[in-house]
Amino acid sequence: MRRNIFAGLFAVLFSCVIVSAAFAHTPMCYCYLNDDGTVTCEGGFSDGSSASGVSMTVKDEGGNVLVKGKMDELSEFNFEKPDVSFIVVFDAGPGHVVQIKGEDIKD
């Protein structure tokens, strides 16, 4: 009986560690309009790590790629604002994707 209690406690603690580790690296991306008609996106992770090299894609409503690139060494990505409705995709891999609608990007 005592062994089952310890096994149960170990399972609960192990699960907590796994869950907290999963949330420790949450992707974050924020985009804003510049006065010159460009958009700047800044990215990173909740644990403070850089987003340098993270794949960035700007797509139209049909899913067609308008702009493709990567976050620079400052974890920034700049592009000309498209004249059509668009979505910015910050893609750091499975479970680490952020999508931002163009209409939600403000100065």
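1. Concerning the pairing of strand β2 (residues 38–45)
Reasoning step 1: The buried fraction of β2 is high, at seven of eight residues.
Reasoning step 2: In this sheet, β2 lies alongside strand β1 (residues 27–33) in antiparallel orientation, the contact comprising seven bridges. Among the inter-strand pairings, Y30 is bridged to a residue of β2, identified as E42.
Reasoning step 3: Following β1, the chain reverses through four residues before pairing antiparallel with β2; G37 in that reversal takes a positive phi of roughly 85 degrees.
Reasoning step 4: Sheet topology places β2 next to strand β5 (residues 76–80); five bridges connect them, and they run antiparallel.

2. Focus on the sheet that holds β2
Reasoning step 1: Read from one edge of the open sheet, three strands run β1-β2-β5, paired in antiparallel fashion. The sheet is open, and its two borders are formed by β1 and β5, each paired with just one other strand. Each strand axis lies, on average, 20 degrees off the axis of its neighbour in the sheet, ignoring direction.

3. Looking at the side chain of T40
Reasoning step 1: Secondary-structure assignment places T40 in strand β2.
Reasoning step 2: Polar side-chain contacts of T40 include one of 2.5 Å to the side chain of N78.
Reasoning step 3: Residues in contact with T40, not counting those within four places in the same chain, are Y30, C31, Y32, N34, F77 and N78.

4. Some thoughts on the nonpolar core
Reasoning step 1: The biggest cluster of nonpolar side chains holds 18 residues, and the ones touching the most others in it are C29, C41, M71, V88 and F90.
Reasoning step 2: Every element with two or more residues in this core is listed here: β1, β2, β3 (55–60), β5, β6 (86–91) and β7 (97–101).
Reasoning step 3: In contact with M71, not counting residues within four places along its chain, are C29, C41, E42, G43, A51, S52, G53, V54, M56, E76, F77 and F90.

Calculation criteria
- Note that residues are indexed from 1 along each chain, following the sequence as it is written.
- Given that this is a predicted model, residues contribute local features only at a pLDDT of at least 70 and side-chain atom pairs are listed and counted only at 80 or more, while totals for whole chains, interfaces and linings are drawn from all residues.
- Values reported for side chains reflect all heavy atoms of the structure, with hydrogen atoms and water molecules removed beforehand.
- Whether a residue is buried, partly exposed or exposed follows from its accessible area with a 1.4 Å probe, protein chains only, as a fraction of its type maximum: under 20%, in between, or over 50%, in that order.
- Secondary structure elements follow DSSP: runs of H or I no shorter than four residues count as helices, runs of E no shorter than two count as strands, and numbering proceeds from the N terminus.
- Two strands form a pair only when DSSP identifies at least two bridges running between them.
- Note on geometry: axes are C-alpha line fits, over the in-contact stretch for helices, and angles between N-to-C directions span 0 to 180 degrees.
- Two N or O atoms form a polar contact when they lie within 3.5 Å of each other; inside protein one atom must be a possible hydrogen donor and the other a possible acceptor, and for residues adjacent in sequence the pair counts only when both atoms belong to side chains.
- Should any heavy atoms of two residues lie within 4.5 Å, those residues are considered in contact.
- We define a nonpolar core as any set of buried Ala, Val, Leu, Ile, Met, Phe, Trp, Tyr and Cys residues linked to one another through side-chain atoms lying within 4.5 Å.

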